[in-house]
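These are the residues of each chain, in order.
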Amino acid sequence: MSDEPAAEREVEPPQHEVAPADRRLMAAAALPALAWLTQLLFGLATVRWMCRIESRLPLALATAVALAAALWALVACRRALARARRPGAGEPLAGA
């Protein structure tokens with residue numbers, strides 16, 4: 001036992017490590033929103049320039065990049081879901 005009274009003892013919550021697969025899933029879930037926000041801010045920042053050059057091609061390219069990022073995120077989420085539904089996916093790891 002410790003010499004400190006129970007009221008003065010600091011208790012730290014357990015620190016759980018996030019698995020790499022879960023990190024990838026969280027990134028894939030956040031990526032579409034970040035891609036949309038980036039595309040929106042790019043469009044707002046370049047509107048005068050696009051009016052001056054009389055072309056919306058830069059905005060179309062930014063939209064295509066954002067769409068590609070969102071589709072990649074969709075594929076990553078579907079793969080993670082398929083892995084989670086495999087038999088034995090919910091069992092704890094040996095030694096954990």
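Calculation notes
- Residues numbered from 1 in each chain as written.
- Predicted model: local features only at pLDDT ≥ 70, side-chain atom pairs only at ≥ 80, totals over all residues.
- Heavy atoms only, no water.
- Patch = residues over 30% accessible without salt bridge, like charges linked within 9 Å, V, L, I, M, F, W, Y side chains within 5 Å.
- Areas by Shrake-Rupley, 256 points an atom, 1.4 Å probe, with all protein chains shown as cover.
- Salt bridge = Lys/Arg side-chain N within 4 Å of Asp/Glu carboxyl O.
- Helix = DSSP H or I, 4+ residues; strand = E, 2+ residues; numbered from the N terminus.
- Buried < 20%, exposed > 50% of the residue type's maximum accessible area, 1.4 Å probe, protein only.
- 1 Å grid on protein atoms, 1.4 Å probe; cavity = no way out; pocket = protein on both sides within 12 Å on 5 of 7 lines; lining within 4 Å.
- Points joined across faces, edges and corners; volume = space filled by probe spheres on them.
- Nonpolar A, V, L, I, M, F, W, Y, C, P; charged D, E, K, R; others polar.

## Points about a nonpolar patch on the surface
Here's step 1: A surface patch of nonpolar side chains, about 510 Å² in accessible area, is lined by Trp36, Leu37, Leu40, Leu41 and Leu44.
Here's step 2: Tracing the chain through its elements places Leu37 in helix H1 (residues 20-45).
Here's step 3: For Leu37, a relative accessible area of 37% translates into the label partly exposed.

## With respect to the layout of surface pockets
Here's step 1: As a volume, the largest pocket reaches approximately 150 Å³.
Here's step 2: Ala21, Arg24, Leu25, Ala28, Trp72, Val75, Ala76, Arg79, Ala80 and Arg83 are the residues that line the largest pocket.
Here's step 3: Listed by contribution, the elements that provide at least two residues to the lining of the largest pocket are H1 and helix H3 (57-84).
Here's step 4: Here the lining of the largest pocket gets 6 residues from one element, more than from any other, and that element is H3.
Here's step 5: In terms of residue class, the lining of the largest pocket is made up of 7 nonpolar, no polar and 3 charged.

Spatial relationships are all this shows, so hold off on functional conclusions.
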